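Fold and geometry: a report
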Amino acid sequence: MATTFLKPLHAGKGRSIAQALGRSTDYVKNPDKTDGGQWISAYQCNPSIVDAEFLFSKRQYESKTGKYHKDSDVIAYHMRQSFRPREITPEKANKIGYELAMSLTKGNHAFIVCTHVDKQHIHSHIIFNSTSLDCTRKFRNFWGSSFAIRRISDILCLENGLSVIENPKPSRGSYGTWLGEDKPPTQRQRLEQMIDNALTAGYKSYEDFLTAMQTEGTEVKTGKHLAFKIPEGKRFIRCDSLSEDYTENAIRDRLDGKREVKRGDEQKKFSAREYMRPRSLIDIQSKLAQANSPGFEQWAKGFNLKAIAETVVWMKEHGISDVEKLALECDAASESYHGLSERTKANQARMKAISDLQRQISSYGRTKEIYVQYKKLPRKKQAQFYEDHREDIILHENAKRHFDSLGLEKLPSIKALKQEYAVLSAENKRLYPQQKAARKKMIDLLTAKGNVERFLEIKIEQPERKKQQEASR
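Residues numbered from 1 in each chain as written. Predicted model: local features only at pLDDT ≥ 70, side-chain atom pairs only at ≥ 80, totals over all residues. Heavy atoms only, no water.

To continue, consider the sheet that holds strand 8 (residues 237–238). Overall, antiparallel pairing links the 3 strands, which are arranged 6-7-8 in an open sheet. For this open sheet the edge positions go to strand 6 (219–221) and strand 8, each flanked by a neighbour on one side alone. Two strands pair when backbone bridges link them, and strand 7 (residues 227–229) and strand 8 are joined in this way by 2 bridges, in the antiparallel orientation. The residue of strand 8 that forms the bridge with A227 is R238. (Pairing = 2+ DSSP bridges. Helix = DSSP H or I, 4+ residues; strand = E, 2+ residues; numbered from the N terminus.)

Here you go:
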């Protein structure tokens, strides 16, 4: 069920064309949204410097036509194509987005397709240059273009066995509006559901509740306001911004049994839904022909000369004088980034294990007295006692099994676990900026390496790879 829209991009007041292009392209290329840049494709442009290429074509346009940019001129067009959750893979979504852009531009405009996978619904952002490849004309948006784009998108979706919106509404609603009852839960709704799950698990104390939330991968912030950040969430959500049953005071009252939340069939339950993939039996016409781009080769040669010159200047500024040095720098940057990444991931895994162990120790201590009474009773009375205290006995036995799986002969203190958790958390906070900087350096070096390889038509072998090849001979 793909939805599409087309939006013209302007420089706007107070910023240059370069700033406007850079801001838009940086957003769609965000590595956190594209699996580290895995789901990015481009036509007649280099994704790493696409904003510079678009800007250069506009200067060429002014030189060839004598027409200069006005504030009202469109510098690029932004399309978004969204798909129904669990119906499509990122690879296929990116391919369909590429075909959509090619069909609309007829191969006369450079474009970039970035598929985002950070939401429950996979969607592609397409930005294409308003200036043509031969730098002699511009793309003119036409009346009814939205209908034409939707028509092309529907054809591509049907050809690939995807569902489409048969009777789209004329209003420009959000993606959730199109999904209606099938729309996935928001982050706030997911947080409320996680709070409900923790409160119905039998915890009696506020500290146990917070530990249970941490065990599920949720970050907790206490102090003046209670706030949580759910797994894969972008920011903390304060409880006083949720529904009235989920404020800090309401949570404490629910733990003490002073507050009840009405439940019933009318209450909507949010969970991961398994969406069926419809199969189309409609016979669709063949795909639209892709036109060639006259005059592009001459423009590309000129731009590539400029791009390699900028790369050489960058290398000299960073003390890289030859390809061997570039290969060594790439290898060191990759090793540094992956080392930091593995370290932070290991810390996160240990922090989760600590939270889980804290929860089990708390459950074990709270239910120990009841379990001792249960074991002292004769068998005839154990059955009734078990029914009366089923939840506590199960929690106690689960805790014992957890300790046995870890091979613990003596339980660590909660204080020691909290101290270890605090040390790991502080270390990760210190490492995250280093990891981000190392990743940026690695990407810059790999981009320079790719430019040199393409321009000189050579293959720069990584030092580690050379050693492995020589060792295998």
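Right, let's get into the nonpolar core. By size, the foremost hydrophobic cluster in this structure holds 41 residues, and its most contacted members are M79 and F128. If you list the elements that add at least two residues to this core, you get strand 1 (3–9), helix 1 (17–28), helix 2 (50–65), strand 3 (76–82), helix 3 (90–105), strand 4 (111–116), strand 5 (123–129) and helix 4 (145–159). Among the elements that line this core, the one with the most residues is helix 3, at 6 residues. Among the nonpolar cores identified, the runner-up in size contains 19 residues, and M194, L199, L210 and L226 belong to it. (Core = buried A, V, L, I, M, F, W, Y, C linked by side-chain atoms within 4.5 Å. Buried < 20%, exposed > 50% of the residue type's maximum accessible area, 1.4 Å probe, protein only.)

Glancing now at unusual backbone geometry. A positive phi angle, close to 55 degrees, is found at Q44, a residue other than glycine. Relative accessible area serves as the criterion here: at 26%, Q44 is assigned to the partly exposed category. Positive phi values are uncommon outside glycine, yet K106 reaches one of about 60 degrees. The residue K106 is located in the loop between helix 3 and strand 4 in this model.

Position of G233 among the secondary structure elements: in the loop between strand 7 and strand 8. Given the relative accessible area of 18%, G233 is considered buried.

Applying the stated rule across the entire model yields 11 aromatic pairs. For the ring pair Y206 and F209, a centre distance of 6.4 Å and an interplane angle of 35 degrees mean the geometry is tilted. With Y206 and F209 both in helix 7 (residues 206–215) and 3 residues apart, the pair spans about one turn of that helix. Judged by its relative accessible area of 11%, Y206 falls in the buried class. Taking relative accessible area as the criterion, F209 reaches 0% and is therefore assigned buried. One cation-aromatic arrangement involves K221 over F236; the distance from NZ or CZ to the ring centre is 4.3 Å. (Phe/Tyr/Trp six-rings, centres within 6.5 Å; stacked < 30°, edge-to-face > 60°. Lys NZ or Arg CZ within 6 Å of the ring centre and 35° of its normal.)

With that settled, the discussion passes to the packing of helix 11 (residues 379–388) against helix 12 (residues 390–406). Axis separation between helix 11 and helix 12 bottoms out at 5 Å; the angle between their running directions is 95 degrees. One way to sum up the angle between helix 11 and helix 12 is to call them roughly perpendicular. Residue-level inspection shows F385, Y386, E387 and D388 of helix 11 in contact with helix 12, the latter providing R390, I393 and I394. Of the residues belonging to the contact of helix 11 with helix 12, the class tally is 4 nonpolar, no polar and 3 charged. (Axes fitted to C-alpha atoms, helices over the stretch in contact; angles between N-to-C directions. Parallel < 35°, antiparallel > 145°, perpendicular 65-115°, else oblique. Contact = heavy atoms within 4.5 Å. Nonpolar A, V, L, I, M, F, W, Y, C, P; charged D, E, K, R; others polar.)

For the structure shown, the criterion picks out 0 disulfides. Between C114, a free cysteine, and C45, which holds the nearest cysteine sulfur, the sulfur-to-sulfur gap is 9.4 Å. Looking at C114, the relative accessible area reads 0%, which means it is buried. (Disulfide = S-S within 2.5 Å.)

Looking now at helix 6 (residues 187–199). With 13 residues, helix 6 ought to run about 18 Å at 1.5 Å a step, and its terminal C-alpha atoms sit 18 Å apart, in line with that. Those residues of helix 6 that sit buried are L191, E192, M194, I195, D196, A198 and L199. Buried residues along helix 6 sit in contact with helix 7, strand 7, strand 8 and helix 8 (248–255). (Expected span 1.5 Å × (residues − 1).)

So, about the pattern of salt bridges. Throughout the structure, instances matching the rule amount to 16 salt bridges. Residue R238 pairs with D240 through a salt bridge whose shortest N-O separation is 2.8 Å. Since its relative accessible area comes to 39%, R238 is described here as partly exposed. The partner of E387 in a salt bridge is R390, and the shortest N-O contact between them spans 2.8 Å. When salt bridges with common partners are traced through the structure, they connect R343, E427 and R430 into a single cluster. (Salt bridge = Lys/Arg side-chain N within 4 Å of Asp/Glu carboxyl O.)

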